[in-house]
Amino acid sequence: TSPMRIIRRRECVELSKTSGWTLLYGRRKVGKTTLIKQCVRHDVYALISQGGGAAVVGESVEPIESALREVGLALRRGGVAVIDEFQRLPARYWDLLSTWAPSGLLIAAGSSYGILHKVFERSSPLLGLFAPFHVDIIAYEDVLAQVEDPVLSILWRDPWIIPHVGSVEELRRRARDLVLAARGLIGEVFAEEERELTDVYWRAVLLVAEGYWKSTDVAGALGVKGGLASTSSILSRLAKMGVLRAIPTLGRERYYVVRSPALSLLLYAEAKYHVGDLDATPPELPLGREAQFSIGEMLADYFDVTQRYSPREDIDVVLTKGRRRLWAFEVKTGPFTRQEAVEAAAKLKRVAERAGLVSLSEKPPDVADLSIGPQELVDMAKDMARRSGVL
């Protein structure tokens, strides 16, 4: 396994410049606490404990009232205070917090999307005091610029996996143990939302990991009451919670994938091979799919356009601006033969103005408008990381 590496990320630059009260939100274990500790110089840091009756301040556990007193003092002096696991703070203290605004800088972090709605709903005493700040998994280019390994960087976008896995092979071998962690992680997302990870939600996530992407197909396989309407709302809730990601297609549908590539591969192993129950090692993991979407995301960012997928023509990445289809890319983990490259470029040209080929193992033959091999990917990532202040 690899030592815990801290990957610098673009959110750090934004967060270090923030001057108003800020609410960080996002899935569990995406690195919110690390971001705050590394990027914000704070005077008081209070971690609210389970149940909300106490908080860890510095090295000691204190009753919630005295922890809040320290937060209030720091803010009134114009200092910086952090309240972590903010969703655990009982709402009866929100009025107290509102009396300290707008003094100092208060950064609150909560690992649920539910907290966002509560803070910003009309009756909330905190409405208008905080600006929301979403923390997602790490941008592929941020990891790639520092790790310089196009394959490992896909997995390491999700910070919790970094200490456990140093290669795709290791992920495959350890899938059985890591699946338990994956299930727990998704369960925690639900616990923070004050709802259970029911069997239906879990099965929906596994179906998406296995490759069912259309809400109609998921509905057919799930067989829940309320059919398509229920399934669509399950999928869109999972996307709001940061468990799934909805990628627009060239048609009307949305293409659902598990947001985190590492989680996606582990859940695929569970859905297809039942590694958790059967003590089995999956024979293979669909890395190509994860490469396609992470690289697509990076290219969309690079060209400042929208990433789409075209399931009908099976084109990995289509980049659009408004109605224009500017680019189509084929992404492969292995190399392209010259013949494959020529055929792929012709197919891509039928869908978009320009065609690009990407390979994670060697630079594709120069038959398209853009040929990107592993070194070109790393150079592109470094260029982007310099622009965003990561390098």
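Every value quoted in this text rests on a predicted model; they were computed, and no experiment measured them.

Caption draft 1: Structural detail: the state of the cysteines. In this structure the tally under the stated criterion is one disulfide. The residue that forms a disulfide with cysteine 12 is cysteine 39, at a sulfur-sulfur distance of 2.0 Å. When the S-S torsion is -110°, as for the bridge of cysteine 12 with cysteine 39, the disulfide is left-handed. Note that cysteine 12 is positioned in helix 1 (residues 10-16) and cysteine 39 in helix 2 (residues 32-39), a separation of 27 residues in sequence. The exposure class of cysteine 12 is partly exposed, given its relative accessible area of 24%. Given a relative accessible area of 10%, cysteine 39 falls into the buried group.

Caption draft 2: Region of the structure containing unusual backbone geometry. Of note, the amide linkage connecting alanine 101 to proline 102 takes the cis form, showing an omega dihedral of -5°. Looking at the element boundaries, proline 102 is found in the loop between helix 4 (94-100) and strand 6 (105-110). Positive phi values are uncommon outside glycine, yet glutamate 85 reaches one of about 55°. Along the chain, glutamate 85 turns up in the loop between strand 5 (80-84) and helix 4. When its relative accessible area of 10% is taken as the criterion, glutamate 85 is described as buried. Positive phi is not limited to glycine here, since histidine 274 has a value of about 50°. Within the secondary structure, histidine 274 is located in the loop between helix 13 (261-273) and helix 14 (275-278).

Caption draft 3: Seen up close, the sheet that holds strand 13 (residues 354-359). With respect to topology, five strands assemble into an open sheet ordered 10-11-12-13-14, the strand pairing being mixed. Two strands in the sheet have a free side with no partner beyond their single neighbour: strand 10 (306-310) and strand 14 (370-372). If you compare each strand with its neighbour and ignore which way they point, the axes differ by 25° on average. Note that strand 11 (residues 315-321) and strand 12 (residues 324-332) share five bridges and pair antiparallel. Residue pairing across strands places threonine 320 opposite arginine 325, the latter belonging to strand 12. Across the sheet, helix 15 (residues 287-303) touches strand 10, strand 11, strand 12, strand 13 and strand 14, and the angle it forms with strand 10 is around 145°. Sheet strands in contact with helix 17 (residues 374-387) are strand 13 and strand 14, and its direction is about 95° off that of strand 14.

Caption draft 4: Spotlight on the sheet that holds strand 4 (residues 60-63). Taken in spatial order, the seven strands make up an open sheet running 4-3-2-5-6-1-7, and their pairing is mixed. Only two strands of the sheet have a single neighbouring strand rather than two, namely strand 4 and strand 7 (131-134). Going across the sheet, the axis of each strand differs from the next one's by a mean of 25°, ignoring polarity. Of the strands in this sheet, strand 2 (44-48), strand 3 (54-57), strand 4, strand 5 and strand 6 touch helix 3 (residues 64-76), which is tilted by about 95° from strand 4. On top of the sheet, helix 5 (residues 113-120) reaches strand 1 (22-25), strand 6 and strand 7; it is set at about 155° to strand 1, its chief contact.

Criteria and cut-off values
Residues numbered from 1 in each chain as written. Predicted model: local features only at pLDDT ≥ 70, side-chain atom pairs only at ≥ 80, totals over all residues. Heavy atoms only, no water. Disulfide = S-S within 2.5 Å. Helix = DSSP H or I, 4+ residues; strand = E, 2+ residues; numbered from the N terminus. Buried < 20%, exposed > 50% of the residue type's maximum accessible area, 1.4 Å probe, protein only. Pairing = 2+ DSSP bridges. Axes fitted to C-alpha atoms, helices over the stretch in contact; angles between N-to-C directions. Contact = heavy atoms within 4.5 Å.

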